[in-house]
Amino acid sequence: MTRHFLRDDDLSPAEQRDVLELAARLKREPFAERPLEGPRSVSVFFDKTSTRTRFSFAAGIAELGGSPIIVNPGEAQLGAKESIGDTAKVLSRMVSLIVWRTFAHDGLEEMAAHATVPVINSLSDDFHPCQILADLQTIRERKGELAGLTATYLGDAANNMGHSYLLGFATAGMRIRIAGPEGHHPRPDIVADAERIAAETGGSVEIFTNPALAVAGADAVITDTWVSMGQEAEKAARIETFAPYRVTSELMELAARDAIFLHCLPAYREYEVAPEVIDGAQSVVWDEAENRVHAQKALMTWLLAQA
Ligand code: CP
Ligand code: NVA
């Protein structure tokens, strides 16, 4: 059975641990694994813009011995002229992995249903699981054992990052708190999935409306843009809605004394996070960005080894 990585819970707790362990090793020894030697090719599709995902996959694929084929919006027949299923069948004859950043998550499910090579979600409207692996690697580097740590994500709790923190952090056995305004809470089915996982791993899931209560004593404080790709037309309203969730130094003072701050980037210092937080001593955002390379190399190596 070909394994895919479309949602954070596509990896079991033990599998997630293995991938994070390998990510740590690849950070120390970047060329220790060469599963794409040949070079074998990897297609990397973008329906949305990207900096970190584009460069981290291109660099990571090259470091694994492979060759990335980057496809920008509108450059392939996919979507406009050719079905997702036909694209999946053709690409499975040509490349070793398919990486896709897109809008609707069910497109990725359709790709995976027809592909005989692993499909990786590099961001959909619903999940961003590659980012969560990098975040977990970053937290582990600073705090050691993940299980039992408390992480609070504030802001747009109904977006891809909110959903992925629920699933990915519950899988790691963490206590995940999500805080956002009424009407922007995570999807109930994803909360239920995270609660089921947390019950197995010893983690926990809590949903808050009050940002101060959500942050109290947290080991990690996390936010994301209030205006995700595709939501640009709603910018003015969203900035007003999410304003109480801005991460300021006053809010950080409510967290644990040695709390760290994470943000997947790109960040807006005038909205979701104050400059003194993202550019301050508690911020680990640059390690978090770098870890995209190591975590995704580990993920690709692991998926190829399952084939
Ligand atoms: N964090 C992240 O995925 O960044 P990009 O949108 O630049 O890829
Ligand atoms: N929620 C953001 C994440 C960007 C990496 C978006 O989808 O635009």
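Per chain, residues are indexed from 1 in the order of the written sequence. Labels are handed out in written order, letters beginning with A for the chains and numbers beginning with 1 for the ligands. Side-chain atom pairs in this predicted model are given and counted only at pLDDT of 80 or more, local residue features only at pLDDT of at least 70, and totals for whole chains, interfaces and linings cover all residues.

### Let's talk about the overall build of the protein
Turning to step 1, where the next piece is worked out: By definition, any uninterrupted DSSP run of H or I lasting at least four residues is a helix, any uninterrupted run of E lasting at least two residues is a strand, and each is numbered from the N terminus. Summing up its helical and strand segments, the protein has 12 helices and nine strands in all.
Turning to step 2, where the next piece is worked out: Here the globule rule is a power law, 2.2 Å times the number of residues to the power 0.38, and the radius of gyration is based on C-alpha atoms. Its C-alpha atoms give the protein a radius of gyration of 19 Å, within 12% of the compact-globule value 19 Å for 307 residues.
Turning to step 3, where the next piece is worked out: Reported as C-alpha extents along the three principal axes, the dimensions of the protein are approximately 55 × 40 × 35 Å.
Turning to step 4, where the next piece is worked out: Here the C-beta atoms are placed from the backbone, and a residue counts as buried if at least 20 other C-beta atoms lie within 10 Å of its own, exposed if 12 or fewer do, and partly exposed otherwise. Within the protein, buried positions represent 51% of all 307 residues.

### Thoughts on the site of ligand 1
Turning to step 1, where the next piece is worked out: For each residue, a C-beta atom is placed from the backbone, and the residue is labelled near a molecule or strand when this atom is within 6 Å of it. Around ligand 1, the surrounding shell consists of Ser 50, Thr 51, Arg 52, Thr 53, Leu 123, Gln 131, Cys 264, Leu 265 and Pro 266.
Turning to step 2, where the next piece is worked out: Reported domain spans reflect what an automatic or database domain assignment gives. A domain-level breakdown of the shell around ligand 1 finds at least three residues from each of domain 1 (8-127 + 290-306) and domain 2 (131-288).

### With respect to the sheet that holds strand β7 (residues 204-208)
Turning to step 1, where the next piece is worked out: We treat two strands as partners when DSSP finds at least two bridges between them. Ordered in space as β7-β6-β5-β8-β9, the five strands form an open sheet in which the pairing is parallel. Either end of the sheet is taken by a strand with one partner, and the two such strands are β7 and β9 (260-263). Neighbour to neighbour, the strand axes of the sheet diverge by 20° on average, direction disregarded.
Turning to step 2, where the next piece is worked out: When strand β5 (residues 150-154) meets strand β8 (residues 220-223), the two strands line up parallel, connected through four bridges. Looking at β8, one finds that Ala 151 is bridged to Ala 220. Helix axes are fitted only over the stretch in contact, all axes being lines through C-alpha atoms; the angle between N-to-C directions runs from 0 to 180 degrees.

### Thoughts on the domain arrangement of the protein
Turning to step 1, where the next piece is worked out: Domain parsing of the protein yields domain 1 (8-127 + 290-306) and domain 2 (131-288).
Turning to step 2, where the next piece is worked out: The C-alpha centroid of domain 2 is placed 24 Å from the C-alpha centroid of domain 1.
Turning to step 3, where the next piece is worked out: Residues are defined as contacting one another if the C-beta atoms placed from their backbone atoms lie within 7 Å. Counting from both sides, the interface comprises 24 residues of domain 1 and, opposite them, 24 residues of domain 2.
Turning to step 4, where the next piece is worked out: Mapped by element, the contributors of at least two residues to the side of domain 1 that touches domain 2 are α1 (13-28) and α12 (285-306).
Turning to step 5, where the next piece is worked out: In the scheme used here, Gly and all other residues not listed as nonpolar or charged are polar, with Ala, Val, Leu, Ile, Met, Phe, Trp, Tyr, Cys and Pro taken as nonpolar and Asp, Glu, Lys and Arg as charged. Residue composition of the side of domain 1 that touches domain 2, by class: 11 nonpolar, five polar and eight charged.

### A few points about the site of ligand 2
Turning to step 1, where the next piece is worked out: Near ligand 2 you find Leu 123, His 128, Asn 159, Asn 160, Met 161, Asp 224, Thr 225, Ser 228, Met 229 and Cys 264, and these make up its full shell.
Turning to step 2, where the next piece is worked out: A breakdown of the residues in the shell around ligand 2 according to their chemical character gives four nonpolar, five polar and one charged.

### Quick word on the sheet that holds strand β1 (residues 41-46)
Turning to step 1, where the next piece is worked out: One open sheet holds the four strands; their spatial order is β2-β1-β3-β4, and the pairing between them is parallel. Edge positions in the sheet fall to β2 (67-71) and β4 (119-121), since each of these pairs with one other strand and no more. This sheet shows a mean twist of 20° between the axes of neighbouring strands, independent of strand direction.
Turning to step 2, where the next piece is worked out: Bridge count between β1 and strand β3 (residues 97-101): five bridges; the pairing is parallel. Looking at β3, one finds that Val 44 is bridged to Val 99.

### Considerations on the environment of Pro 13
Turning to step 1, where the next piece is worked out: By secondary structure assignment, the location of Pro 13 is in helix α1.
Turning to step 2, where the next piece is worked out: For Pro 13, a count of 18 C-beta atoms within 10 Å puts it in the partly exposed group.
Turning to step 3, where the next piece is worked out: Expressed as a C-alpha distance, the spacing of Pro 13 and Gly 183, which sit 170 residues apart in the sequence, is 31 Å.
Turning to step 4, where the next piece is worked out: Here Pro 13 is in contact with Thr 171, Gly 173 and Thr 201, once residues within four sequence places are set aside.

### A word on the nonpolar core
Turning to step 1, where the next piece is worked out: Structurally, a nonpolar core is described as a collection of buried Ala, Val, Leu, Ile, Met, Phe, Trp, Tyr and Cys residues joined by way of C-beta atoms within 7 Å. Core analysis: the largest hydrophobic core is formed by 91 residues, its most contacted members being Leu 166 and Leu 299.
Turning to step 2, where the next piece is worked out: Once residues lying within four places of it in the same chain are set aside, the contact partners of Leu 299 are Phe 5, Val 19, Ile 120, Cys 130 and Leu 133.

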